[in-house]
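Notes for the structure review
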Amino acid sequence: MGKSPLRNAGDFYICTMRYLFFTTLLFMIACSPGKKKGKDVRSQVAGNWFMVYPDEKLNSQEERELYARLQDSLVNQRGVKLVTFDENGTFTQWDSTGQQGRWGILEDGRVVVNRAGRGFENFKADFDGIEDDEMMLTEYIKSGTERLKLTWHLTRINGGKFARLFKPEENTWRKVPAKPETEAAMRTRLAAMLSYYADYFRLISEEASYFVPARVMMPLRFYQHAIGMMEMSETHRFVSL
């Protein structure tokens, strides 16, 4: 009679444990998220977003000094900004006179934006996921030998009272008129601007702790607890509108 492959209880125990080990390993591999696929990331990123603030990771005095030099320009360009990652690949900065460019996802899952105006001429960031409608995009900024890590926090605007801020018809007042308008038309344009900014500041009051005066295309001067009018200048953006 031939020998049994399981000659004793010890052999049976070893084979059983090996089977359980490899079964568990296969289960873990099958269930692990693995590398994010570009298509999956793209579907998550697509939509309307309020780009709120950057969370910086500064590990040295040199990095802190570099960030101090760049902070104002970075926040002015991207902070409290309304942006849309359209499913067709169009990227829009709504509060920069509707500046548009293109966006996409690289093979490694990074989000890229090109030729989309100031702050987004060549923007690349790691997609760090979305939690409770908040997306995290981490970009690395190089200057000389220093490298800054900034994680931008963006709030998704699915609908509700702030969805109108992303509608083209609610932003027509941003377009410079092709010819002089009547007083009635100018009143309508001014009313649309005021209504838009009223909702914009409501959004800021709920989602942010600061705002960027340059976002407001009106001759207004902001103080800590007050608001006033600037002296009118022919070069102000408001005049062209």
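Here we summarise the structure given alongside this text. Quantities reported herein were computed from a predicted structural model and do not represent experimental measurements.

**Some remarks on the overall build of the protein chain**
Helices and strands together make up the secondary structure of the protein chain, namely five helices and ten strands. Counting every position in the protein chain, which comprises 241 residues, the buried fraction comes to 37%. Here the analysis covers contacts within the protein chain between residues at least 6 apart in sequence; of these, 52% occur between residues at least 24 apart. For the protein chain, the exposed surface amounts to about 15300 Å²; the carbon and sulfur share of it is 54%.

**Describing the packing of aromatic side chains**
What the rule picks out here adds up to twelve aromatic pairs. Between phenylalanine 85 and phenylalanine 91 the ring centres are 5.0 Å apart and the planes differ by 70 degrees, which places this aromatic pair in the edge-to-face class. Overall, the relative accessible area of 0% leaves phenylalanine 91 in the buried class. Among the aromatic residues, those joined into a cluster by ring pairs are Trp173, Tyr196, Tyr197, Tyr200, Phe201, Phe211 and Phe222. Sitting above the plane of the phenylalanine 120 ring, arginine 78 keeps its charged end 5.6 Å from the centroid.

**What about the pairing of strand E5 (residues 111-114)?**
In the sheet, strand E4 (residues 99-105) pairs with E5 via four bridges, with the strands oriented antiparallel. Opposite glycine 104, over in E5, you have valine 112 as the bridge partner. Connecting E4 to the next strand, E5, in antiparallel fashion are five residues, including glycine 109 with a positive phi near 90 degrees. As paired elements, E5 and strand E6 (residues 122-131) share four bridges and run antiparallel to each other. If you follow valine 112 over to E6, its bridge partner there is lysine 124.

**Some details on the environment of glutamate 56**
Tracing the sequence through the fold places glutamate 56 in strand E1 (residues 47-57). In this structure glutamate 56 comes out as partly exposed when scored by relative accessible area, which is 31%. The sequence separation of glutamate 56 and leucine 148 amounts to 92 residues, and the corresponding C-alpha distance is 7.7 Å. Once residues within four sequence positions are removed from consideration, glutamate 56 is found in contact with Tyr67, Lys149 and Leu150.

**Let's talk about the side chain of histidine 153**
With respect to the helices and strands, the residue histidine 153 is situated in strand E8 (residues 146-156). Its relative accessible area of 11% is what places histidine 153 among the buried residues. At 3.3 Å, the side chain of histidine 153 forms a polar contact with the side chain of glutamate 134. With sequence-adjacent residues up to four places away left out, histidine 153 is seen in contact with Phe50, Met51, Val52, Tyr53, Asp55, Glu134, Met135 and Met136.

Cut-offs and rules
- Residues numbered from 1 in each chain as written.
- Predicted model: local features only at pLDDT ≥ 70, side-chain atom pairs only at ≥ 80, totals over all residues.
- Heavy atoms only, no water.
- Helix = DSSP H or I, 4+ residues; strand = E, 2+ residues; numbered from the N terminus.
- Buried < 20%, exposed > 50% of the residue type's maximum accessible area, 1.4 Å probe, protein only.
- Contact = heavy atoms within 4.5 Å.
- Areas by Shrake-Rupley, 256 points an atom, 1.4 Å probe, with all protein chains shown as cover.
- Phe/Tyr/Trp six-rings, centres within 6.5 Å; stacked < 30°, edge-to-face > 60°.
- Lys NZ or Arg CZ within 6 Å of the ring centre and 35° of its normal.
- Pairing = 2+ DSSP bridges.
- Polar contact = N/O pair within 3.5 Å; in protein donor to acceptor, adjacent residues only side chain to side chain.

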